[in-house]
Amino acid sequence: MTSNHTDCHYCLQSLRGRKYALREENAYCLTCYDSLFANPCEECKQPIECDSKDLSYKGRHWHERCFKCAKCSRSLVEKPFAAKDELLLCTECYSDEYSSKCFHCQKTIMPGSRKMEFKGSSWHESCFVCQYCRQPLGTKPLITKDNENYCVPCFEKKFAHYCYSCKKVITSGGVTYHDQPWHKECFVCAGCKTPLSGQSFISKDEYPYCVDCFSRLYAKMCAACKKPITALGGAKFISFEERQWHGECFKCAKCSVSLVGQGFLTRQDDVLCHECGSA
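Per-chain numbering applies: the sequence of each chain, read as written, is numbered from 1 onward. Side-chain atom pairs in this predicted model are given and counted only at pLDDT of 80 or more, local residue features only at pLDDT of at least 70, and totals for whole chains, interfaces and linings cover all residues. Hydrogen atoms and water are omitted, and side-chain values are computed over all heavy atoms in the structure.

Considerations on the pattern of salt bridges
Then, number 1: A side-chain nitrogen of Lys or Arg and a carboxyl oxygen of Asp or Glu constitute a salt bridge if their distance falls within 4 Å. Scanning the model with the defined rule gives five salt bridges in all.
Then, number 2: Note that Arg60 and Glu42 form a salt bridge whose closest N and O atoms lie 3.9 Å from each other. One end of the pair, Arg60, is in strand 4 (residues 60–63); the other, Glu42, is in the loop between helix 1 (30–37) and strand 3 (54–57), and 18 residues separate them in sequence.
Then, number 3: Burial classification: accessible surface area is computed with a 1.4 Å probe over protein chains only, and a residue below 20% of its type maximum counts as buried, one above 50% as exposed, and the rest as partly exposed. Using a relative accessible area of 17% as the deciding quantity, one classes Arg60 as buried.
Then, number 4: Its relative accessible area of 30% is what places Glu42 among the partly exposed residues.
Then, number 5: Among the salt bridges present, the one from Glu117 reaches Lys115, with a minimum N-O distance of 3.3 Å.
Then, number 6: For Lys115, a relative accessible area of 39% corresponds to the partly exposed category. Segments assigned H or I by DSSP are reported as helices when at least four residues long, segments assigned E as strands when at least two residues long, and all are numbered from the N terminus.

Below you can see the structure in the form of structure tokens.
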């Protein structure tokens, strides 16, 4: 800029016929202006003269020739770049050094591109799709099977079991009974509807029953202890003239010796060993 001002505001030398710079309406010769106001370059530490281009990023300044990748030294002028630990890097160097790899295609996820995070892994948005219909999953609900992701409708279509009781999809867990899948909450006693998952139960006519309901509805009662005879109490029981006993309850009414596998006599409703019955 050619001066119409008389003197430099700082050194007071004449500006006639010389270039000068204005700051707050005051004129300075270029030498004074650079010494007073020029920003130091981050790279070469020299002042960025007023007739040079000053490139700035987050409060720091560079000469145009100094604004380059800290790793490969390629110019970053008018090019995308990334910052790491106060160093400027071109996108290629930054990607090689720091960027995540896509879990699906194993290629670098470039800075500035959208990245999906799922179960500790990173994905390109275009790679994070349903394995079956290939539609983007984004933030939709999904189900993972064998390290592959599926949208819920496709998973149900391809893999899901349907509950034998309510006919709805079983998405996790479940119980198998008579080779049929059930929701845990649907697998209940046919009598009292108490949940049976993880509990002891007895089958009758293809229906599950809790022990109490089965005993009340179907079990034979021991003639001695008056308790139901079920498979849960042991497989062996004794039957005689329409009466039944637990194996451990079938003993002489007088001396209490076990009669299992032994001869015995009856006297009214009692069973007796030969010795007691002959006395």
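And the narrative resumes.
What to know about the UniProt feature "domain: LIM zinc-binding" (unreviewed entry) in the chain
Then, number 1: UniProt's feature table lists "domain: LIM zinc-binding" (unreviewed entry) at residues 39–99, 100–161 and 220–279, given in the numbering used throughout.
Then, number 2: Summarising residues 39–99: 11% helix, 26% strand, and an end-to-end C-alpha distance of 32 Å. UniProt positions are given in the numbering used here, feature names are shortened, and annotations may be inferred rather than shown by experiment.

As for unusual backbone geometry
Then, number 1: Even without being glycine, Gln106 reaches a positive phi, approximately 65°.
Then, number 2: Mapped onto the elements of the fold, Gln106 is located in the loop between helix 2 (91–97) and strand 7 (115–118).
Then, number 3: Residue classification places Gln106 among the exposed residues on the basis of a relative accessible area of 52%.
Then, number 4: The phi dihedral of Asp146 is positive, around 50°, even though this residue is not glycine.
Then, number 5: Of note, Asp146 is situated in the loop between strand 9 (142–145) and strand 10 (148–151).

Re the environment of Cys66
Then, number 1: Among the structural elements, Cys66 can be located in the loop between strand 4 and strand 5 (81–84).
Then, number 2: Taking the C-alpha atoms as reference points, Cys66 and Glu43, 23 residues apart in sequence, are found 5.9 Å from one another.
Then, number 3: We call two residues in contact when some of their heavy atoms are within 4.5 Å. Here Cys66 is in contact with Cys41, Glu43 and Cys44, once residues within four sequence places are set aside.

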